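One letter stands for each residue in the lines below.
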Amino acid sequence: MYMTAVFTTPDAHWMHYALALAQRAAEAGEVPVGAVLVRDDTVLGEGWNRPIAEHDPSAHAEIQALRAAGQRVGNYRLPGSILYVTLEPCVMCAGAIVQARVAQVIYGAPDPKAGACGSVFDLLPSDGRFNHRTEVRGGLLAEVCGDVLRAFFRARRGRSSMT
């Protein structure tokens, strides 16, 4: 799976960008996941988790980035784009990624509870029933991305045990 993936310097740059977006989610009390959609080394859209703030279960970082990109380019189809996200996308986000025709997803930490890129489900690119295939590479800055999530949940557990 992702252990054999080869990443470039630009990949690391964009994942650091996504990590900065994840920090925005954490500061707002949201699960710290960030996503940036890039094409030709240009940001098309970015997002961070906002389900609590928007009262919207679909307001994941990936969906936010896809929505922003669609508005920017005037089309929901985003061929040739690369989505960098700090956590492996879930089933909902994988479906949106397919619909948007995203060429590639590069994620940081695997999600052993809800990941749809090989951890729990394998929708991208393995499911040949879709009309579009998205290349997936996982594990870019996985330790850093995982640490951000672990620190967030550790802090939440600490607060809840104090009350």
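What this report covers is the structure whose coordinates are included nearby. From a predicted model like this one, the values you see are computed outputs, not experimental measurements.

1. Observations concerning the overall build of the protein chain
Secondary structure summary: the protein chain contains 5 helices and 5 strands in total. What you see in the protein chain, going N to C, is helices and strands ordered as α-β-β-α-α-β-α-β-β-α. In terms of C-alpha radius of gyration, the protein chain reaches 15 Å, essentially the compact-globule figure of 15 Å for 163 residues. Taking the principal axes of the C-alpha coordinates as reference, the protein chain spans close to 50 × 35 × 30 Å. Going through the 163 residues of the protein chain one by one, you find that 44% of them count as buried. Surface accessibility of the protein chain: about 8,200 Å² in total, with carbon and sulfur atoms responsible for 56%. Charged side chains of the protein chain number 16 positive and 16 negative; the gap between the two group centres comes to 4 Å.

2. Comments concerning the environment of Pro 79
Turning to its location among the elements, Pro 79 is positioned in the loop between α3 (61-73) and β3 (82-87). When sequence neighbours within four positions are dropped, the list of residues in contact with Pro 79 reads Arg 39, Ala 100 and Arg 101.

3. Some points on the nonpolar core
Counting residues in each nonpolar core, the largest one holds 38 residues, and the members touching the most others are Val 36, Leu 37, Leu 66, Leu 83, Ile 97, Val 102 and Leu 124. Elements supplying a minimum of two residues to this core: α1 (9-27), β1 (34-39), β2 (42-48), α3, β3, α4 (91-99), β4 (104-109) and α5 (142-162). The leading source of residues in this core is α1, at 6 residues. Setting aside residues up to four positions removed in sequence, Val 102 forms contacts with Leu 37, Leu 66, Leu 78, Ser 81, Leu 83, Ile 97, His 132, Arg 133 and Thr 134.

Each value, and the rule that gives it
- Residues numbered from 1 in each chain as written.
- Predicted model: local features only at pLDDT ≥ 70, side-chain atom pairs only at ≥ 80, totals over all residues.
- Heavy atoms only, no water.
- Helix = DSSP H or I, 4+ residues; strand = E, 2+ residues; numbered from the N terminus.
- Rg over C-alpha atoms; globule rule 2.2 N^0.38 Å.
- Buried < 20%, exposed > 50% of the residue type's maximum accessible area, 1.4 Å probe, protein only.
- Areas by Shrake-Rupley, 256 points an atom, 1.4 Å probe, with all protein chains shown as cover.
- Lys, Arg positive; Asp, Glu negative; His and termini not counted.
- Charge placed at Lys NZ, Arg CZ, Asp CG, Glu CD.
- Contact = heavy atoms within 4.5 Å.
- Core = buried A, V, L, I, M, F, W, Y, C linked by side-chain atoms within 4.5 Å.

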